[in-house]
Amino acid sequence: MVESLDNLQAERIESLKAGIISSLSFTFSQVVMIFFNNLWLADQDEFLFGQEILTEVDWLERIAIALVTGFLFGVTYRHLVRDEQNSHLQEGAVLAFGIVRGIALIEAQLPATTSIWLLSILVVQSILSFFLARLVLDKSLKWKIVKPLT
């Protein structure tokens, strides 16, 4: 019984590490996307000009959301892939998280614009952010920074 409790505690620590690593990489990619949107896309369309992040509160809100989202992805991804090298499962996790987040962003922005290409950019950016988090987690698992679920 003590051994199983120790094993459970070790698994929780590994999931916590996966969540933190994913959270940081996802947040980094989101900050890059925010700069991209503010500097380039905002000039392309009036809708995105209104979506610029200008205040510290907006920045803190977006970063907090990215940290939580990335953390949840990391913990879930570690449990999904285990120690298998199933590329369909890995890509499916990225697409599932990215599409769900992208659709939520579209739903929130839909009343403000009907530009399908701008809305599709939101989905692509979400998928790219989760893809980066996946790459960082895969490297962390490969280099034994995070141990796979056994």
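Because the structure is predicted, anything quoted here is derived from the model rather than measured.

### Things to note about the pattern of salt bridges
Phase 1 of the analysis: If you walk through the whole model with that rule in mind, you get three salt bridges.
Phase 2 of the analysis: Its salt-bridge partner being E11, residue R78 comes within 2.5 Å of it at the nearest N-O pair. Here the residue R78 occupies a position in helix α3 (residues 56–81), and E11 occupies one in helix α1 (residues 2–44), the gap between them amounting to 67 residues. Across the pair, exposure class does not vary: R78 and E11 are buried alike.
Phase 3 of the analysis: Between D138 and R134 there is a salt bridge whose closest N-O contact spans 3.0 Å.

### Describing the nonpolar core
Phase 1 of the analysis: In this structure, F26, F73, Y77, F130, L137 and V146 are the most contacted members of the largest nonpolar core, which totals 14 residues.
Phase 2 of the analysis: Looking at this core, the elements that each hand over two or more residues are α1, α3, α4 (87–109) and α5 (116–142).
Phase 3 of the analysis: Residues within four places of F130 in sequence aside, it is in contact with F26, T69, F73, V94, F97, G98 and R101.

### A word on a nonpolar patch on the surface
Phase 1 of the analysis: Taken together, the side chains of L16, I20, L24 and L67 define a hydrophobic patch exposed on the protein surface, amounting to about 340 Å² of accessible area.
Phase 2 of the analysis: No other element matches α1, which puts three residues into the nonpolar patch.
Phase 3 of the analysis: Positionally, L24 belongs in helix α1.
Phase 4 of the analysis: Residue L24 is classed as exposed on the basis of its relative accessible area, which comes to 54%.

Calculation notes
- Residues numbered from 1 in each chain as written.
- Predicted model: local features only at pLDDT ≥ 70, side-chain atom pairs only at ≥ 80, totals over all residues.
- Heavy atoms only, no water.
- Salt bridge = Lys/Arg side-chain N within 4 Å of Asp/Glu carboxyl O.
- Helix = DSSP H or I, 4+ residues; strand = E, 2+ residues; numbered from the N terminus.
- Buried < 20%, exposed > 50% of the residue type's maximum accessible area, 1.4 Å probe, protein only.
- Core = buried A, V, L, I, M, F, W, Y, C linked by side-chain atoms within 4.5 Å.
- Contact = heavy atoms within 4.5 Å.
- Patch = residues over 30% accessible without salt bridge, like charges linked within 9 Å, V, L, I, M, F, W, Y side chains within 5 Å.
- Areas by Shrake-Rupley, 256 points an atom, 1.4 Å probe, with all protein chains shown as cover.

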